[in-house]
Each structure stands twice: as structure tokens, then as C-alpha cells.
Amino acid sequence: MRGSDYLVKRSAFAVITVFVAITINFFLFRVLPGDAVSNLARIPTATPELRHALRVQFGLDKSAWEQYWLYLGQLLHGNLGISFANQQPVRDNLVTALGNTVPMVAIGTVVAIVIGILTGVLSAVRRHTVADHVSTNLAIAFYAFPTQFLGMMLLILFAGLLPSAGMSDPFALGDVSFGSHLADLAKHMVLPAATLALTLYGENTLIVRSAMLETLGEDHVLTARAKGLSRRAIIRKHALRNAMLPTVTMIGLSLGSIVSGAILIEVIFSWPGIGSALYQAVLQRDYPMLQGGFLVITVTVILLNFVADLAYFRLDPRITS
Amino acid sequence: MSTSVSQVDVPEVEVQEGLWAAIREVLHERTAMVGLVILAAFVLMAVFAPLLSPYDVHVASCGVFDPPSAKHWLGCDDGGIDMLSLVITGGRISMIVGFAATLVAMTIGGGVGLASGYFGGWVDVVLMRITDYFLVIPDLVLMIVISAVWGPSLSHVVIVIGILLWTSTARVLRAQVKSVRERVYVKRAQSLGASHLRIIVRHVLPQVGPLLIANTVLTIAVAVFDETALAFLGLSDPTATTWGTVMEHAFDRTAVSAGAWWAIVPAGVSVALVIMGCYLFGQSIEDALNPRLKVAHLSPRSWRLRTLVGRGPDAL
Amino acid sequence: MTADLATAPLLEVAGLHVWFELPGGRELHAVQDVALTLEAGQRVGLVGESGSGKTTTALTIMGLLPSSAAAAGRVAVRGEDLMPGLENGFRSHRWTDIAMVFQGAMNAFNPVRTVGWQIAEPMIAHGTATGSAAKARVAELLELVGIPAAAATRYPHEFSGGMRQRAAIAMALACEPKILLADEPTTALDVMVQAQILDLLTRLCGDLGLALLLVTHDLGVVAQTCDDVAVMYAGEIVERGRIDALFHDAEHPYTRALFAATPDLYGDEPVASIPGSPPDLARPVVGCAYRPRCPLAFAPCVDVRPVLAPVSATTATPPGTQPLTEPLTEPSTEPARHLVACHAASSARAT
Ligand SMILES: Nc1ncnc2c1ncn2[C@@H]1O[C@H](COP(=O)(O)OP(=O)(O)OP(=O)(O)O)[C@@H](O)[C@H]1O
Ligand SMILES: [Mg+2]
């Protein structure tokens, strides 16, 4: 009973949040003073034909509410408009970009989570030991370093050893087998994924450590000790399992850091993903791309948050039953 | 748990003492002090920047990407400008932007948290819904979009960061205010007919003060971080010297391919130090206020055995 | 040696001290020179105000102190002293010899594991039962405490307070311990449920030959359940004896105040109504710890610490027991002699 309530609530929240994001997106670009479309002179590439196309595309002759409904209807059909910069549908541009972003970000994030959990747990169970101090301070340092700084440092350190920009070697003619293509891609991915993992791991370590410490202070851990269980068994069967709950919540909330990390890293390593697309859109005042990019990223984050909610649901019997 | 008597009837002063005791306890802690010293050093540096900066940041004083030397401790950038001066001058604006954005965020977050926790009911429901939505939407992306629409300027950076960084403060504060509200003396003050404003200022704020301080300091860290990110994406005032724009220029003007690490490291490390200072200090306060971290039922060490040989029970 | 072990009591606590390290290098002397013995089937109550060291004493008997603690003295099970082995020395005895029902059973269960899983866990860890045998034993234990066996697959939050308390008792019995420590097992329960739980504990001691140490601040609970009682004040045992002896002839003014504060033995009146407050255990106590609150205090109480000594036969214990002059250290066949640590009590006897 309560379990299904929870699911309904979280689903509704996800749907409404998407709606809120769409609405923010709409108003940000059309209604705010100094909004984008009415200020077409700021678009460097604007020709008279483009201006006309824009007026039609944005329905500027209609009232704000009509425009809003029009916008919702277009979104329903998956129409995000046409990019100013390359005259391609925004949707096609974003699909390509997202396809490039996901593998790199996924690998970096997973590595950061795995390392974060390992070091966080180690720190907590060895609280106040040298290992804890070293691991915690290192985590704070990596939490503190700006992403772009870490990226540039890795670029300088590995200059010549690893590819520094893009996803593939443009001069790799001749051997174009799938295997060598994949190897090339992997080589290009090392630095961006490593930078992402480094910027994220510190925060994860700190999150997991404090979740674990809080769990180790709970009364049922004393019960477990009283039962004559070994330290290992207590950590494995009680502490880890329970600390997963706050960890899932907090990693869900740190999705924002993943996104900002990914954007900066794509810019630094010229990775042709959604972050680069957003950056290019800012530089070229390509508002349809900017708007579309914002929407895609936000909806992705909302969906991932919903996944975190589902994981929580699976992990906590207090909700399930 | 079972000390119900002392929990219900605590005199007002003692509770406040207890909370501020957490701060006093923090000041005895080494990590918190390290954080505070780092922060204080950077604040002093920002205040006295014009006096400390050895060269003018608008005038070239050495060659392109000159490495660190006796005359230029941290080397020079692509325009032959002294890095140490850039970092000192940039620190001033970065810190101002970080502090100002935090002020905006704390005003919103503090207001929302106080109102939500204090008034409860539909005010709470509405405010927390809004907070939840803001919490999910990725900050930097929205910041990028807003700054792109508004155009790059320092005041826009301050506002954009400020209006997006308040959510966690609102959440944390609301929970604390809610529990303070339940305390006896707040109820007593209410029954004596004190106004809401008076109760909030006299009874609630002193209680949540330490937590608010901790959150403020932690928010400064994020604000400084976000400033550099926005600057790096070209969304800050490109003519202003901040740690963010210094790093951005270095990247734009091929410091990486030139291997001129000294054009990147000083600003990057400064940002990292400020964030570390904030984190160490703010987190220490938060940890001291968290009763759940005080107890450890499982620690790597066992308890110790003490022998009483030669000591009678009275000698103990 | 074997003869020694055969005559040794089931549980013997002697000269027990516990100190907690406080921030700022100070130290809190929570338990001071506590001595207790428990035999099979015996039910002893440990009473005292909040902060008097009852829980700490019970936890120390299981070696469950935090790493900030230091302990001294002897905790021996069937003559074997476990203290020198520290944390690890106690481990194999936990739950198999000594089990505990914790203060606030609400939080004693892990919220994300089923109750049955948590009851079976120590059996598997100690190898007393595995697989289907463990399952069968869980069912048997739950029925023993009056919970339907099917509830084993449910989670702690699905249980009511009383049920959780029963489940905690069932869990404590999992490995057939000889000694059961019950820390305020009925606090926070309503009177009906409280009586049921106490009946259950009494019945289990009779049926299984368990030795019970019942920690509480409620003399009514002790009177209902125990044969013997030890009264703790500021980390020390200040009076000890059979419950009826203490009830009729309490020697220590603190014990008397406790009884006075419990008008109805079966009520749930708290003890907290004695004026004044106990001393700060982080400072060394000179003289009698109860002196500032004691109506009978006189000169020696200021600087001489009273020690636990037998009460004279004429004032308290039934005729035929040992005379006053007998030294405390001599092994006694009568475990429930009446002892008190009070200058006023002994001076009253002297006159
Ligand atoms: N882990 C600890 N660290 C520091 N001091 C402690 C710790 N545990 C207990 N104490 C202190 O030791 C003293 C005895 O506490 P204990 O919990 O044994 O009392 P109690 O008699 O069980 O009280 P209650 O009736 O409240 O349960 C108290 O002053 C308490 O503050
Ligand atoms: Mg207790």
C-alpha cells in the first residue's frame, strides 16, 4: 500500500518537474526582459531570411499563452526547432551529441562511484587512523580543485602520451576496422573520463564516509556487536547495507555536479557531446540549441533522479511494505 | 533517550549554550582551525590586494609565458603580465563575487527555510515543493542558460549563482527550525503573545545560528567554484580579472600546449585552497552539531584495560 | 583448578571500574568498584537514577565498551576472567553465554533486515544452528515469547512496541545463553504490556534456568520480578540485598528515598523526584557521593568514602546469618546478604 503510494508520488514529482523545467525554459527565452528572441540583433549570424524564419518558428506574432501552447505541442512531437548555427534540426544535433556524451560520462561516473565507495567505507571503518586522514584529505582536495584546472593539468602531464582533443584521430586513414576504431575511441576517452572521475570521486568519498559513520553510530550496530559477530560481518551485513540508503539519495542529488563536470570537461577536451554543444550554442547565440540542450540535460537528470528514487525503494523495506 | 526530564524542562540559556558550545568545540579542533586560517588568509589577501600585488595587472612586465623567476615568483601569462599580481587581484574579485552570491543565496535560503519551518502548514508545503524542483534542476546548466540570455557581466554572475544555490540551506534550516519551534520556551513566548518576528529573532535565530554559519561557509565554496566555471565558459565579464577568467585566458591562449603550467596552477590552487578552507571549517561545525556522528559502536581499536595495582579505590 | 571452576559462580563481577575519555582530556568515572554475582535461575535487579551507570555496568559485562573507554576489574563467567582478552576475549561468549535485551528495543533491530533474519544471525555466526534448523528455532523462539512464527519474515517497523520488545527477548535467547541482561526492557511500554513482558522474563528464568540481571530505574518493576536488588548511585553500588529486606529495612538514605518515591509498587512513577542531583562524575568525588542530598549526613561523610559492608543481623537480615564483623572477602554461601555503604547506617548500628 505505502509502497505504491511512494511510487506514484515520485513518478508524479518527476513528471511535474519535467513540466516545470519546460516552463522555465519557455519563459526564460521569451518573456523575461531582454529575452532572446525579441533581441534578434544580438545574433551574429542573423540574415533577413533567418529573422523571418525565426518569427515563424517562434510564433512571435501570437500572444505569450498561444506561444506556450504551441511550444508544448511542438515538444510533444519531438520538435525542438532548427539550429541557427548549422541549420539542422536541434533534435538531430542533440541526439548525436548525447550519444557521444553518455559513454564518457558513464565511465567517469561509475569509476568515481566505485572509488568513492571503497575509500569512503575504508575511511569510516578506520576512523581517526592514518588511512582515514590521508583518504579524507585527498578527497577534500579533489573535491576542491576546479574541474577545468584538473583537466588542464592532466593535459599538460600527458601531452604527447594520450590524445588531447576530440573523439577520434582525424588522420587515421587506412586501417578503419571496427576494432582499431574502438581502440582509438578508448584512447581519446581516457583523459576526459579520468578528469571526470577525479572531480567526482572526492565528493562521493565524503558522502559515503559520513553516511557510513552515521550508520556505525546506530543502536543496531551495537546489537550486532553484542551478538558476537565479527567486525567484518558487522560491516558487511549491517553497516554497508544500511549506509547504501543515504548514499543513493546523496548521489542522486549530486547529479548536478556530474553535469557541470561533464560540460567543463567536454569543452576542455573538445569532446563533441552535449556540453560542447551547449558551449557552442552560448558562443554563437544559437538559442534553439541552448534551449534544447537545457531541456535534454534537465530531463535526463530528472529521469536519473527518478531511477535513484526507485533504487531507494528497492533498498528500504520501510517504504516497500 | 530516557532522560526525558532534562529534555523537556531545559532552561533557555542552557540550550543556546549547548549549540554555541558546538562552535567552541570546533574551535579546538585542528581541521576547523586549519580551514579558518586558510579562509582568513585569503580574505586578508583580498582586502589588501592593491598593496600586496607587486605589479600592475594591466601592464606587461615580462615576456610571454616567462617561467617563475626571482622577479616573477609565479611566472607570467601570455601577455607578459605577472601571475602573482593576477592571482592576488583576481582573488579580490572572485572572493567578492563568491561572498555576494552567497549573501543572495543565504537571504533566499534562510528566508525560505525559516518561513517553512516556522509557519508550517501550506506555507511549508508550497515552499518545499518549489525547493524540491530547484534541487533537481542541474544548477550549472540553468546558470549557463540564464547568463547566456542576460549577457556576461559580474553582477549577473552574482545573481545567477545566488538564485540557484539556496536550496540545500533552505532544506537543512527548515528541519532545524521545525525542531526548535517545538521547544518549550518558543511555545511559552508564543503564549505570552510575542510577535512572530520577535520570536524568530530572539529565540529561533540564535538556535539555528551555528547551522546557518556552517551552511554559509559551505555555500561560499560552491559559489567560488561556480564563478570559475561560468568564467571558463565565457559567461563572466571577460575584462574583469578573476581566478575564473585567469584560468580561462590561460586555456584560450594556449598555455596548455605551451606547457606553461604556471599560468594555470596559481589560480587553480587558490580556488582549491579557498574551497578547502570553507569545507574544513563549515563541515567541522556541521559535524559537531550532528549527534549521530558522536557515537561509534564499531571502531578499529578496542577499549583499554587499566590495572589498579597499588591504588586503592579511594585513590581513583 | 577444576574444583575452583565448579564452585565458581556463573557470573562474577568484582572491583569493576569504567572510565570514559571526554573531549579536552577529562575523564568520566562512570562505574566505580562494582561487585555482583549471579547464579543460574537467580533474578537480580539493578536500580538507580539516570546516569548512575547501570547501562555501562551491563555493557561492560559483555565487553561492549566504546574505544574511548578504559576498564578495570574482573568479569568472570564460570570462573574464567574475560577482561584481559579485551574486545576479542568477550566475543565468543557474547550471545552464547551472556545475551542482552537493550534499552530501547525500538532501535535495537536493523530496519532493513527481517526480524527472523536477525534472530537467526547469531545462531549461524556461532554455529549453534544453520539452514532449516535455524529457521525452525526462530519459529520456536517467536512462539515462546508469544509472537506468531509467521512474523519472522516481517520487518521491525511492522511490529508494535511490545512486539518488538518480545522479539528482542526472543533474539536474546537464540543461542541459549546462561545469563540474560535486560536493560530497561519495559520503559516506554504501557502498564499492561509491561506486566506481560515482566511475567515472560520471570517465566523464562524458571523454565530455562536463566540468570537475569534486570536494569531499571523503577523499583516497582524490580519488586515484581526479582529476588535480589542492587542500588546504584553515582557509579557505585550503595546497597544490596533481598528485595523484601530492602523494602522493609532499607539502610541507605538513598534507597529509602527511592522507595518513598515509588508509592505504589506496581505503578510506573519515575524515581526522579528526589531533590538535588547526582555529582558530576567527571570530577573526583571526595567522601560520600550522596552527601549533598542526604538528610543524615554528618562529619565522616565529608571526607571518608563509605564502603559496602554487611548490615548487622539485628537491624536487617533474618536471625542466623553472619555477624557484622565477618570480612567482606570471605566467600559466602548466602548470596543475598544485606550490604550497605553508608556512615549513617553503620553508626546507627553502633549505637
Ligand atoms: N560513551 C560514553 N561516553 C562518555 N560518557 C558516557 C558514555 N556512556 C555513558 N556515559 C556516561 O556515563 C554515566 C553512566 O551512564 P549510563 O548510561 O550507564 O547510566 P544509566 O544508569 O544507564 O542511566 P539511564 O537510566 O539514563 O539509562 C553517565 O554520566 C553518562 O553520561
Ligand atoms: Mg541506561
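Small disclaimer: the values here were computed from a predicted structure and weren't measured.

About the thresholds
- Residues numbered from 1 in each chain as written.
- Chains lettered and ligands numbered in written order.
- Predicted model: local features only at pLDDT ≥ 70, side-chain atom pairs only at ≥ 80, totals over all residues.
- Heavy atoms only, no water.
- Near = heavy atom within 4 Å.
- Polar contact = N/O pair within 3.5 Å; in protein donor to acceptor, adjacent residues only side chain to side chain.
- Areas by Shrake-Rupley, 256 points an atom, 1.4 Å probe, with all protein chains shown as cover.
- Helix = DSSP H or I, 4+ residues; strand = E, 2+ residues; numbered from the N terminus.
- Nonpolar A, V, L, I, M, F, W, Y, C, P; charged D, E, K, R; others polar.
- Contact = heavy atoms within 4.5 Å.
- Buried area = accessible area lost by both parts, 1.4 Å probe.
- Salt bridge = Lys/Arg side-chain N within 4 Å of Asp/Glu carboxyl O.
- Expected span 1.5 Å × (residues − 1).
- Buried < 20%, exposed > 50% of the residue type's maximum accessible area, 1.4 Å probe, protein only.
- Arc of directions from axis to C-beta.
- Donors = N, O, S within 2.8 Å, 3.2 Å for Na, K, Ca; no water.
- Disulfide = S-S within 2.5 Å.
- Pairing = 2+ DSSP bridges.
- Phe/Tyr/Trp six-rings, centres within 6.5 Å; stacked < 30°, edge-to-face > 60°.
- Lys NZ or Arg CZ within 6 Å of the ring centre and 35° of its normal.

A. Expanded view of the site of ligand 1. Of all residues adjacent to ligand 1, which total 15 residues, the nearest are Ser50, Gly51, Lys54, Thr55 and Thr56 of chain C. Nearby residues around ligand 1 are contributed by chains B and C. Between ligand 1 and the protein, one listed contact pairs an oxygen atom with a backbone N or O atom of glycine 53 of chain C at 3.0 Å. Taking threonine 55 of chain C, its side chain carries an N or O atom lying 2.6 Å from an oxygen atom of ligand 1. For ligand 1, the accessible surface in isolation is 630 Å², of which the surrounding protein chains cover 70%. Among the elements of the structure, strand 2 (27-38) and helix 2 (54-61) of chain C are those that each provide at least two residues to the shell around ligand 1. With 3 residues, the single largest contributor to the shell around ligand 1 is helix 2 of chain C. The residue inventory of the shell around ligand 1, partitioned by class, reads 4 nonpolar, 8 polar and 3 charged.

B. A look at the interface of chain A and chain C. Counting residues at the interface gives 20 residues for chain A, matched by 27 residues for chain C. Between chain A and chain C, roughly 2,100 Å² of surface is buried when both sides are summed, and carbon and sulfur atoms account for 58% of that area. In this assembly, chain A and chain C are joined by 2 salt bridges. With a closest N to O distance of 2.8 Å, glutamate 87 of chain C and arginine 225 of chain A form a salt bridge. The interface formed by chain A and chain C holds 13 residue pairs in polar contact (both at pLDDT 80 or more) in total. Examining the composition of the side of chain A that touches chain C, we find that 6 residues originate from one element, helix 8 (residues 219-226) of chain A, more than from any other. Residue composition of the side of chain A that touches chain C, grouped by class: 6 nonpolar, 7 polar and 7 charged.

C. Quick peek at the pattern of salt bridges. Summed over all chains, the structure comprises 23 salt bridges over all chains. Several salt bridges share partner residues, and in doing so they unite Glu214 and Glu218 of chain A together with Arg292 of chain B into one network.

D. View of helix 7 (residues 191-208) of chain C. Residue and element names in this part refer to chain C. For helix 7, built from 18 residues, the straight-helix expectation of 26 Å at 1.5 Å per residue is met to within 8% by its first-to-last C-alpha distance of 25 Å. Along helix 7, the residues that are buried comprise Val193, Gln194, Ile197, Leu198, Leu200, Leu201, Leu204 and Cys205. On an axial view of helix 7, the arc spanned by its buried residues comes to 155°, and they lie on one face. Of the residues in helix 7, the exposed ones pointing more than 90 degrees away from the buried face are Met192, Asp199, Gly206 and Asp207. If you follow the buried residues of helix 7, they end up packed against strand 3 (43-47), helix 5 (131-144), helix 6 (161-172), strand 7 (179-183), strand 8 (211-216) and helix 8 (219-225).

E. Spatial organisation of the side chain of serine 94 of chain B. Residue and element names in this part refer to chain B. By the element assignment, serine 94 lies in helix 5 (residues 83-119). Side-chain polar atoms of serine 94 contact the backbone nitrogen of tryptophan 243, separated by 2.9 Å. Ignoring anything within four residues of it in the chain, the contact list for serine 94 reads Val224, Glu227, Thr242, Trp243 and Gly244.

F. The interface of chain B and chain A, seen in detail. If you look at the interface, chain B gives 48 residues, while chain A gives 63 residues. Counting every contact that joins chain B to chain A gives 2 salt bridges. Arginine 292 of chain B is the salt-bridge partner of glutamate 218 of chain A, the closest N and O atoms lying 3.0 Å from each other. Linking chain B with chain A are 9 residue pairs in polar contact (both at pLDDT 80 or more). Those elements that provide at least two residues to the side of chain B that touches chain A are helix 6 (121-136), helix 7 (139-150), helix 11 (196-232), helix 12 (243-252) and helix 13 (265-289) of chain B. Residue composition of the side of chain B that touches chain A, by class: 40 nonpolar, 6 polar and 2 charged.

G. Just the coordination of the magnesium ion (ligand 2), in detail. Residues and elements named next belong to chain C. Every protein donor of the magnesium ion (ligand 2) is listed here as Thr55 (OG1) and Gln103 (OE1), and their distances to the metal cover 1.8 to 2.4 Å. In this pair, threonine 55 sits in helix 2 while glutamine 103 sits in the loop between strand 6 (98-101) and helix 4 (115-126), placing the two residues 48 residues apart along the sequence. For threonine 55, a relative accessible area of 26% puts it in the partly exposed group.

H. Quick look at the state of the cysteines. Following the criterion strictly, the structure yields 1 disulfide over all chains and no others. A sulfur-sulfur separation of 1.8 Å characterises the disulfide bridge that pairs cysteine 62 of chain B with cysteine 76 of chain B. The S-S bond linking cysteine 62 of chain B to cysteine 76 of chain B shows a torsion near -120°; that makes this disulfide left-handed. Of this pair, cysteine 62 of chain B sits in the loop between helix 4 (49-52) and helix 5 while cysteine 76 of chain B sits in the loop between helix 4 and helix 5, and the two are 14 residues apart along the sequence. With relative accessibility at 19%, the residue cysteine 62 of chain B sits in the buried group. Just so you know, cysteine 226 of chain C is unpaired, no disulfide at all, and the nearest cysteine sulfur is the one on cysteine 205 of chain C, 8.4 Å from it. A disulfide-free cysteine, cysteine 294 of chain C has its sulfur positioned 5.9 Å from the sulfur of cysteine 342 of chain C, the nearest such atom. Residue classification places cysteine 294 of chain C among the buried residues on the basis of a relative accessible area of 16%.

I. Focus on the side chain of serine 123 of chain A. Residue and element names in this part refer to chain A. Along the polypeptide, serine 123 turns up in helix 4 (residues 90-125). Residue classification places serine 123 among the buried positions, given a relative accessible area of 0%. In contact with serine 123, not counting residues within four places along its chain, are Asp132, Ser135, Thr136 and Arg209.

J. Seen up close, the sheet that holds strand 7 of chain C. Residues and elements named next belong to chain C. Spatially, 8 strands are ordered 6-7-8-3-9-10-12-11 in an open sheet, and the strand pairing comes out mixed. A single partner strand is all that each edge strand has here, and the edge strands are strand 6 and strand 11 (309-310). Pairing between strand 3 and strand 8: 5 bridges, direction parallel. Bridging from a neighbouring strand, valine 44 pairs with leucine 213 of strand 8.

K. Main features of the packing of aromatic side chains. One pass over the full model with this rule turns up 22 aromatic pairs over all chains. Here phenylalanine 26 of chain A and phenylalanine 27 of chain A contribute two aromatic rings whose centre-to-centre distance is 5.2 Å and whose plane-to-plane angle is 85°, an arrangement assigned as edge-to-face. Accessibility expressed as a relative area gives 30% for phenylalanine 27 of chain A, which makes it partly exposed. Ring geometry for phenylalanine 26 of chain A against tyrosine 71 of chain A: centres 5.6 Å apart, planes inclined by 35°, an arrangement best described as tilted. Of this pair, phenylalanine 26 of chain A sits in helix 1 (residues 2-30) while tyrosine 71 of chain A sits in helix 3 (residues 64-76), placing them 45 residues apart in sequence. Overall, the relative accessible area of 1% leaves phenylalanine 26 of chain A in the buried class. Residue class for tyrosine 71 of chain A comes out buried when judged on its relative accessible area of 8%. Three or more aromatic residues joined by ring pairs make a cluster, and in this case those are Phe26, Phe27, Trp65, Tyr68, Trp69 and Tyr71 of chain A. Directly above the aromatic system of phenylalanine 13 of chain A lies the positively charged group of arginine 10 of chain A, at a separation of 4.7 Å from the ring centroid. Between arginine 306 of chain B and the ring centre of tryptophan 19 of chain C, over which it is positioned, the NZ or CZ distance is 4.4 Å.

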